[in-house]
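# A look at the structure
Residues per chain, in single letters:
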Amino acid sequence: MEDARRQTQKQLQIIDRQITRRITAILPQIARRQSGYRRGKAPDGRTLLERYRANLAGLTAERQLEVDALSRRLARQEAAIAALRDRLSLSGAYPHTNREA
């Protein structure tokens, strides 16, 4: 069970890294759109940040169903592991009551 939980955590981390990689690849394109000094006005950093957040939200939304499913699976796996540890500790077969945080 713990191996399955580790696999689920690994899948969630992979998705997170993929999103990070994609937003990192898009960032130069976002920054390029930002106009330089025109007519004495400095470029607005807020627009760059807004575009970054919008793109990040879009990339995250694309994978949200998958992330939600994996998160629910992880929660079920952790609950099952905790229940098994409780049962085993009550029977004396698993003396450790300290759980991972």
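In short, a report on the structure. (Residues numbered from 1 in each chain as written. Predicted model: local features only at pLDDT ≥ 70, side-chain atom pairs only at ≥ 80, totals over all residues. Heavy atoms only, no water.)

A few words now on empty space enclosed by the protein. This structure, assessed with the given rule, holds 1 cavity of 30 Å³ or more. Together, Q18, I19, R22, L59 and R63 line the largest cavity. At the level of secondary structure, the elements contributing two or more residues to the lining of the largest cavity comprise α1 (2-33) and α2 (45-91). Here the lining of the largest cavity is built from residues that sort into 2 nonpolar, 1 polar and 2 charged. (1 Å grid on protein atoms, 1.4 Å probe; cavity = no way out; pocket = protein on both sides within 12 Å on 5 of 7 lines; lining within 4 Å. Points joined across faces, edges and corners; volume = space filled by probe spheres on them. Helix = DSSP H or I, 4+ residues; strand = E, 2+ residues; numbered from the N terminus. Nonpolar A, V, L, I, M, F, W, Y, C, P; charged D, E, K, R; others polar.)

One can find R85 in helix α2. Residue classification places R85 among the buried positions, given a relative accessible area of 14%. (Buried < 20%, exposed > 50% of the residue type's maximum accessible area, 1.4 Å probe, protein only.)

Turning next to α2. Roughly 55° is the biggest bend found in α2, and it falls at R63. Among the residues of α2, those classed as buried are L59, R63, L70, L74, Q77, I81 and R85. (Bend = angle between axes of the 7 residues up to and from the residue.)

All right, on to the nonpolar core then. Counting residues in each nonpolar core, the largest one holds 7 residues, listed as L12, I15, I19, I23, L59, L70 and L74. Broken down by secondary-structure element, the contributors of at least two residues to this core are α1 and α2. Ranked by the residues each element gives to this core, the list is headed by α1, at 4 residues. Beyond its immediate stretch of four places on either side in the chain, I15 contacts R63, E66, V67 and L70. (Core = buried A, V, L, I, M, F, W, Y, C linked by side-chain atoms within 4.5 Å. Contact = heavy atoms within 4.5 Å.)

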